[in-house]
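Summary of structural features
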Amino acid sequence: MEAGGEEFAIGVVISAKTTLGEEFEGQIVSFDRPTNLLVIQEGVGRAERGERRNVRVLKANYIQEFSVVGKFDDPLDPAGCVLDLAAIHAREEAAIRQAEIEAERIGVGVTPEAQRLFDALSKTLPVHWDKTEIVVMKEVRVCSPYLPENVSGGTSAANERVKKVLDFERKRLHVRVPGQL
């Protein structure tokens, strides 16, 4: 669909039907002519101030038909925008903490095979990396090449449990033992 004139002007509210048959109504927040991308905020007029709204980003040529319903104030006017900075900072902190947790689960200087074993062990036991060694239950260590014979430390019960789980996971992952064909 060709975008022409004022139809896709910022602030215009349209009722649209996509080429997939989906129908929606929303206010145009932005239109980028070179990429033919529209940013549309749904629920304008119905929603209370500060209420969350859906935002769609779609190519204008995916709009099969549309009609102009009306025009509201500029949706990007800072006076009309409500930002909960405390909530934004809390989400940022949570995302950073989650990224740090995920980064700690990645072994540095270890083989993909060792990482797969770590990931498999982590599903049933608490584990973390200490350089290239896998530390299980804060007491049992598994050294390269990550075979049951390379398990040390901890109580004998913990040590045996880690050996059994490691052996099972190696078989399950079909990890070759060095020196075997």
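Quick caveat: nothing in here was measured; it's all calculated off a predicted structure.

Some thoughts on the packing of aromatic side chains
- Summed over all chains, the structure comprises one aromatic pair.
- Arranged with centres 4.8 Å apart and planes meeting at 15°, the rings of F118 and W129 form a pair that is stacked. Of this pair, F118 sits in helix α2 (residues 112-122) while W129 sits in strand β6 (residues 127-130); the two residues are eleven residues apart in sequence, bridging distant segments of the chain.
- Residue classification places F118 among the buried positions, given a relative accessible area of 1%.

Quick look at the sheet that holds strand β1 (residues 12-18)
- Reading across from one edge, β4-β3-β2-β1-β5 is the order of the five strands in this open sheet, with antiparallel pairing throughout. Where the open sheet ends on each side, the last strands, each with one partner, are β4 (55-59) and β5 (63-71). Across the sheet, the mean angle from the axis of one strand to that of its neighbour is 40°, orientation sign disregarded.
- Both β1 and β5 contribute to a ladder of seven bridges, which runs antiparallel.

Reading the values: rules and limits
- Residues numbered from 1 in each chain as written.
- Predicted model: local features only at pLDDT ≥ 70, side-chain atom pairs only at ≥ 80, totals over all residues.
- Heavy atoms only, no water.
- Phe/Tyr/Trp six-rings, centres within 6.5 Å; stacked < 30°, edge-to-face > 60°.
- Helix = DSSP H or I, 4+ residues; strand = E, 2+ residues; numbered from the N terminus.
- Buried < 20%, exposed > 50% of the residue type's maximum accessible area, 1.4 Å probe, protein only.
- Pairing = 2+ DSSP bridges.
- Axes fitted to C-alpha atoms, helices over the stretch in contact; angles between N-to-C directions.

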